[in-house]
Amino acid sequence: GETSGNTSIDVSPEQVDVDLTALSSTVVYSEVYNMVTSPEDYVRKVVKMHGQFAIYEDPDTGTVYTACIIADATACCSQGLEFALPGAIYPDDYPELGTEITVTGTFQSYEKDGSKLYHLADAQMA
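Here is what the cut-offs are and how they apply
- Residues numbered from 1 in each chain as written.
- Predicted model: local features only at pLDDT ≥ 70, side-chain atom pairs only at ≥ 80, totals over all residues.
- Heavy atoms only, no water.
- Helix = DSSP H or I, 4+ residues; strand = E, 2+ residues; numbered from the N terminus.
- Contact = heavy atoms within 4.5 Å.
- Pairing = 2+ DSSP bridges.
- Expected span 1.5 Å × (residues − 1).
- Buried < 20%, exposed > 50% of the residue type's maximum accessible area, 1.4 Å probe, protein only.
- Arc of directions from axis to C-beta.

Colleague: In this structure, what is going on with the environment of Met 125? I would like to understand it.
Modeller: By secondary structure assignment, the location of Met 125 is in strand 6 (residues 115–125). Taking the C-alpha atoms as reference points, Met 125 and Val 103, separated by 22 residues in sequence, lie 4.5 Å from one another. When sequence neighbours within four positions are dropped, the list of residues in contact with Met 125 reads Phe 83, Leu 85, Asp 93, Tyr 94, Pro 95, Ile 101, Thr 102 and Val 103.

See below:
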């Protein structure tokens, strides 16, 4: 059924549009690469991914961005997707860097310093 204006962030498996956890490492890497290079194709899709927890700290503002990193099959290259957990504070609410995590969230764009960036919004981490 149609649920317009639904703001619930509980995501059931049937609602996941792009389940990267079900793909082989080769396919996952290319899919994440596509998301990074053609992000407009994925906006508003619910994405589930498994990878390593990582952070990026903005040297100018000190803002910490959290990400899930996926390596390719040969582990020579990696792609990351930023994610945002509602109400979570780093480092208290996050695992240690390099921890294997599964993140589900809605792929969305946001503006930062005039640039358009993309992340998994309203994410849940397992």
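Colleague: What should I look at first to understand unusual backbone geometry in this one?
Modeller: With glycine set apart, most residues show a phi of negative sign, and most peptide bonds adopt trans. In this model, Tyr 90 is joined to Pro 91 through a cis peptide bond whose omega is 5°. Positive phi values are uncommon outside glycine, yet Asp 122 reaches one of about 50°. One can find Asp 122 in strand 6.

Colleague: Whenever I open this one, the pairing of strand 5 (residues 100–112) confuses me. Can you help?
Modeller: The side chains of a regular strand alternate between both faces of the sheet. Pairing between strand 2 (residues 46–57) and strand 5: seven bridges, direction antiparallel. Looking across to strand 5, one finds that Lys 48 is bridged to Thr 104. As judged from the nine bridges shared by strand 5 and strand 6, these two strands associate in the antiparallel manner. Note on strand 6: the bridge partner recorded for Lys 112 is Ser 115. Counting the residues between successive antiparallel strands, the hairpin from strand 5 to strand 6 contains two residues, one of them, Asp 113, with a positive phi of roughly 50°.

Colleague: Looking at this structure, I do not really get helix 1 (residues 25–37). What am I missing?
Modeller: In an α-helix there are 3.6 residues to a turn, and that puts residues three or four apart on one side. Helix length check: helix 1 (13 residues) gives 18 Å between terminal C-alpha atoms against 18 Å at 1.5 Å per residue, within 8%. Val 28, Tyr 29, Val 32 and Met 35 are the residues of helix 1 that are buried. Down the axis of helix 1, the buried side of the element spans an arc of 120°, and every buried residue falls inside it.

What is shown is where atoms sit, not what they do.
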